[in-house]
Amino acid sequence: MRVQELNARGWTTGRGGRAAAAALLAAAAVALLVWLVVVPATRVQAATFTVNAATDEDDDNPGDGVCHTAGGQCTLRAAIEEADATVAQDVIAIGVAGPIVLLAGLPPITDNGLVITGSGQQVSLTAPGPAFTINNADGVQINDLVIDGADIGTIGILANNFADDLVLDGLTVRRFAAGVYYAIGDGGDRSIIRNCTLTANRDNGVVFNGGEDDVVRDSVITNNGDAAADSGIEADWEVNLLIQGNTFSGNVNAQILIGTMGAAHVTIIQNTITSGSDGIVIGAGVDPGAALDIGLSVDNRNVFRGTIAAPAEQHLRDLSAVNITAIYNDWDAYSPAAIEGVICHDGDPGCGPGVVDFDPFINTPSPLPTGTPTPTVTQTPGGATATPTVSPTGTPGGVETLPLIAGCNPLAWTGADGTPIANVAGAVSPTDILVALWQFEGGVWLGYSPQFPEVSDLTQMNRLDVVFVCVSTNGTFNRPVI
């Protein structure tokens, strides 16, 4: 508005006008304060719910921002109900020792960015159905749990309705019909399965359907399946799938099955594949224009082992018309003729016309790989190995001690810029209560675990950065005095 219009509305430039404006601003400030008090905190900021009960009760008032059952405790079910009722990126920290026994599948997760993290506790489902369901929620993370289907549960983790950016880290998923299952046509993009163990599931360890840029890395996928069609990993209609650094063995049909697929790209590198059945199977429904890269360099070689009774069993079986690049692999056979005996391709009986290029290959007996490439970053890893205590960064002003309560405590770091995260972790006392350090930066959570420091993605803290200090029990945090 012009000055004349403002004056006409009573916004004069004299002393009385300034006083009126000041009064109006004061009233606005009071109204804002009242709004902040009335609006539940969970609607404007992320919440941390600490599970302290191994039972399976519902929340008594979902949406009030407090994880609280009728019995006065916070269960895993109640925590998910509260998280689903908010609009923030919440954290569920499992502080109870477990096992957590579920009487039915947990509520579908609909909270974008929800992080569920444990420290190796068992969650057992004692009824048919999926234990965890991610339903149209992006950026969900589930870390460091043993999810057991007790040979009753149907699916350990079901990703449904275009759930993108799902991260499964440090999980054991066992004794379900399928360990991890991406619903047909709704596979989601950029899913990451890492540092997981998928074992003893009746059908498949992992089933992908229609996702893009998905990754399975540094995991153990063994002894899945009880029928001829069951595999360690089954992937259909995937685009840009990476399978890297895993250990496969004992899966009934194939260790890795690439089923129906368009002109997509699949990379299989640095895996150890041990089997008395087929190792890798490329299905007849794979488009001839697909790019399938297996190995490609000495550093990226796959190591194949196991007793192969050709032609019924093969290290690599190409049922399609796709030509496959599979050079520099260790086939456990050290001449071209011997390798041809463990690869079915190029119109061999029962296989497609696609040709497998396997030369050059690793032509001398070699031990199994002892390492993997540079570890992938993780959000909230867990485990049992302790990290050495590191003294916090000091300043001439001395050190102040702050109380920590079980759960995640938001604190400002007062040390120097670029303080190594291990120094910040060393400020927690006693050291063995530290579960993780978290920082929310650039729209994502960065995490540090004292159990897996080499694969954590939070590496340092700057002065006055806010860090969430997640601990299993009460303790203290020592930081420099400003």
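This structure is a prediction, so every number in the text was calculated from the model and none was measured.

Trainee: So what exactly am I meant to see when it comes to the overall build of the protein here?
Mentor: Helices and strands together make up the secondary structure of the protein, namely five helices and 37 strands. Across the 482 residues of the protein, 51% fall into the buried class. Within the protein, residue pairs in contact and separated by at least 24 positions form 73% of the contacts whose partners lie at least 6 positions apart.

Trainee: Looking at this structure, I do not really get the state of the cysteines. What am I missing?
Mentor: Structurally, a disulfide amounts to a covalent bond that connects the sulfur atoms of two cysteines. Going through the model one piece at a time under the given rule, you end up with three disulfides. A sulfur-sulfur distance of 2.0 Å marks the disulfide that ties Cys67 to Cys74. Here the disulfide of Cys67 and Cys74 is right-handed, its torsion about the S-S bond being about 95°. Per residue, the accessibility class of Cys67 equals that of Cys74, and both read buried. Between the sulfur atoms of Cys344 and its disulfide mate Cys351 the distance is 1.9 Å. Note on the Cys344 and Cys351 pair: the S-S dihedral is about 120°, so by sign convention the disulfide is right-handed. Shown here for the protein is a disulfide pattern of 1-2, 3-4, 5-6, where each number marks a bonded cysteine counted in sequence order.

Trainee: Can you help me understand helix α3 (residues 76-84) in this one?
Mentor: Each α-helix winds once per 3.6 residues, and so residues spaced three or four apart point in a common direction. Where burial is concerned, most of α3 is hidden: eight out of the nine residues are buried. Of the positions making up α3, those classed as buried are Leu76, Arg77, Ala78, Ala79, Ile80, Glu81, Glu82 and Ala83. Packed against the buried residues of α3 are β1 (48-51), β2 (91-94), β3 (100-102), β4 (115-125) and β5 (130-135).

Trainee: What am I meant to see in the pairing of strand β19 (residues 254-258) here?
Mentor: The side chains of a regular strand alternate between the sheet's two faces. The buried fraction of β19 is high, at five of five residues. The pairing of strand β16 (residues 233-236) with β19 spans three bridges and is parallel. Within the sheet, the bridge partner assigned to Ile233 lies in β19 and is Ile256. Strand direction decides the pairing type here: β19 and strand β22 (residues 278-282), joined by four bridges, are parallel. Residue pairing in the sheet places Ala254 in a bridge with Asp278 of β22.

Trainee: What is the right way to look at the sheet that holds strand β25 (residues 316-318) in this model?
Mentor: As a general point, the strands of a sheet are linked pairwise by backbone hydrogen bonds and lie either parallel or antiparallel. With parallel pairing, the nine strands of this open sheet are ordered in space as β5-β7-β10-β13-β16-β19-β22-β25-β27. Looking along the sheet, the strands with just one partner apiece sit at the ends: β5 and β27 (343-344). Bridge analysis of strand β7 (residues 155-160) against strand β10 (residues 178-182) gives four bridges, and the strand direction is parallel. For Ala159, the partnering residue across the bridge sits in β10 and is Tyr182.

Trainee: For this particular structure, what's the right way to read the confidence of the model for the protein?
Mentor: Detailed reading of the predicted coordinates is not advisable wherever pLDDT falls low. Averaged over every residue, the pLDDT of the protein is 83; the share at 70 or more is 82%. Across residues 1-44, where pLDDT falls below 50, the model places 23 contacts with residues more than four positions away in sequence or in other chains. Low pLDDT, under 50, characterises residues 366-396; the stretch is placed with 78 contacts to residues that sit more than four places away or in other chains.

Trainee: Can you help me understand unusual backbone geometry in this one?
Mentor: Among all residues except glycine, the phi angle is most often negative; among peptide bonds, the trans geometry is most common. For the bond running from Asp359 to Pro360, omega is 15°, close enough to zero to count as cis. Along the polypeptide, Pro360 turns up in the loop between β28 (356-357) and β29 (399-404). Put simply, Ser429 and Pro430 share a cis peptide bond, and its omega is -10°. Among the structural elements, Pro430 can be located in the loop between β32 (428-429) and β33 (434-441). For Asp165, which is not a glycine, the phi torsion comes out positive at approximately 60°. Note that Asp165 resides in the loop between β7 and β8 (167-169).

Rules used throughout
- Residues numbered from 1 in each chain as written.
- Predicted model: local features only at pLDDT ≥ 70, side-chain atom pairs only at ≥ 80, totals over all residues.
- Heavy atoms only, no water.
- Helix = DSSP H or I, 4+ residues; strand = E, 2+ residues; numbered from the N terminus.
- Buried < 20%, exposed > 50% of the residue type's maximum accessible area, 1.4 Å probe, protein only.
- Contact = heavy atoms within 4.5 Å.
- Disulfide = S-S within 2.5 Å.
- Pairing = 2+ DSSP bridges.
- pLDDT = per-residue confidence, 0-100.

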